[in-house]
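# Fold and geometry: a report
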Amino acid sequence: MLRALPNRTKGVLCILCAALCFSGMSAFVHLAGDLPVFEKAFFRNFIAAIIVFCMIRARHIPIRIEKDGRLFVLLRCVFGTAGLVLNFYAIDRLDLADANMLNKLSPFFAIIFSYFLLRERVRPVQAAAVAGAFLGALCIIRPTGANMALLPAIGGFFGGMGAGAAYTCLRRATSQGVRSQIVVLCFSCFSCLFTLPFIAAHFVMPTAPQLLCLLMCGVCGAFGQAAYTFAPAREISVYDYTQVIFSAVMGYFLFGQTPDALSFIGYAVIITMAVVSFVYNNRAADSAAG
């Protein structure tokens with residue numbers, strides 16, 4: 001039945017599943033309790049590396065990185081690892097919906113990094129969307145001395161920046177002929193190696209429930225990366241913001257979290273800017289194709 005659906009419909013369904021998986025990953029990170037952030041990041045990427053490696057072997061994809069794409073694969077690993085650690089730090093200390101919405105600033109950061117790294121022109125509409133999204137982020141961060149969650153919120157903001165830079169480097173690497181599965185494998189392995197010294201210095205033995213949460217975090221994260229299989233990102237990316245809805249529901253029922261009015265205003269502004277950017281990009285692509 002699924003095979004009979006158009007690729008775009010399959011893409012939408014896949015990205016909705018991915019959003020649910022990433023929301024589940026955030027919930028499991030939070031459920032893992034007071035384990036160190038680096039330990040959580042290690043388990044997330046260790047499980048992901050195993051799953052992705054098995055997928056690569058099953059599809060007989062050669063494990064190699066073309067010379068022209070090596071620098072951007074490395075940069076994708078560095079920025080992606082920084083973004084992941086900061087995102088996990090925010091998830092541990094903020095409402096799930098707030099942490100995930102700050103991470104969803106990544107497409108707007110990608111516009112900025114695309115200008116500097118890929119020399120792509122930033123259109124006025126895109127620049128306005130970026131500015132609007134950052135104003136929405138201020139509603140969530142609330143940079144005042146009275147906000148006890150200011151540091152985690154700033155961490156979540158920079159986590160979104162790292163994710164945006166990583167996505168830009170991924171685009172450049174794949175345009176140089178590097179398979180996306182290979183990039184994901186490199187990122188997962190790099191993150192594991194990067195976090196090992198921190199784990200060795202401050203290792204905390206997880207309990208059985210915590211270990212289960214860490215394993216499920218890795219599983220959700222691995223399967224969540226398969227979102228853009230059936231349709232171009234420009235056609236389905238806006239549906240990724242359903243992750244915030246899933247996270248808000250999970251946060252309410254699992255942890256009793258209820259975002260305040262300012263957070264909801266921030267969500268509305270950022271999602272509106274995402275829709276504006278989504279519509280503009282599709283129209284620009286259709287005009288170029290016509």
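Structure report, in brief. (Residues numbered from 1 in each chain as written. Predicted model: local features only at pLDDT ≥ 70, side-chain atom pairs only at ≥ 80, totals over all residues. Heavy atoms only, no water.)

## Remarks on the packing of helix 3 (residues 70-93) against helix 4 (residues 96-103)
With their axes 8 Å apart at the nearest point, helix 3 and helix 4 run at an angle of 155° to one another. Classified by the interaxial angle, the pair formed by helix 3 and helix 4 is roughly antiparallel. By crossing handedness, the relation of helix 3 to helix 4 is classed as right-handed. In this structure, helix 3 contributes Asn 87, Ala 90 and Ile 91 to the contact, and helix 4 contributes Leu 96, Ala 99 and Asn 103. (Axes fitted to C-alpha atoms, helices over the stretch in contact; angles between N-to-C directions. Helix = DSSP H or I, 4+ residues; strand = E, 2+ residues; numbered from the N terminus. Parallel < 35°, antiparallel > 145°, perpendicular 65-115°, else oblique. Left-handed = near helix turned anticlockwise from the far one by under 90°. Contact = heavy atoms within 4.5 Å.)

## Some thoughts on the environment of Ile 56
Considering the arrangement of structural elements, one finds Ile 56 in helix 2 (residues 37-58). With residues near it in sequence (within four places) discarded, Ile 56 still touches Ile 61, Ile 63, Gln 181, Ile 182 and Leu 185.

## Quick notes on unusual backbone geometry
The phi torsion at His 60 lies on the positive side, around 55°, for a residue other than glycine. Relative to the elements of secondary structure, His 60 occurs in the loop between helix 2 and helix 3. Given a relative accessible area of 69%, His 60 falls into the exposed group. Phi is positive for Arg 119, close to 60°, though the residue is something other than glycine. (Buried < 20%, exposed > 50% of the residue type's maximum accessible area, 1.4 Å probe, protein only.)

## Regarding the nonpolar core
Within soluble globular proteins, side chains that are nonpolar tend to cluster in buried spots. By size, the foremost hydrophobic cluster in this structure holds 55 residues, and its most contacted members are Phe 88, Met 101, Leu 102, Leu 105, Phe 108 and Ile 270. The element best represented in this core is helix 3, accounting for eight residues. Excluding residues that lie within four positions of it along the chain, Leu 102 makes contacts with Leu 94, Ala 137, Ile 140, Ile 141, Ala 153, Gly 156, Phe 157 and Gly 160. Ala 32, Leu 35, Phe 42 and Cys 213 belong to the second largest nonpolar core, which has eight residues in total. (Core = buried A, V, L, I, M, F, W, Y, C linked by side-chain atoms within 4.5 Å.)

## A few points about helix 2
Look at helix 2: 32 Å from first C-alpha to last across 22 residues, which is about the 32 Å you get at 1.5 Å a residue. Following helix 2 by one or two positions, His 60 has its phi on the positive side, about 55°. (Expected span 1.5 Å × (residues − 1).)

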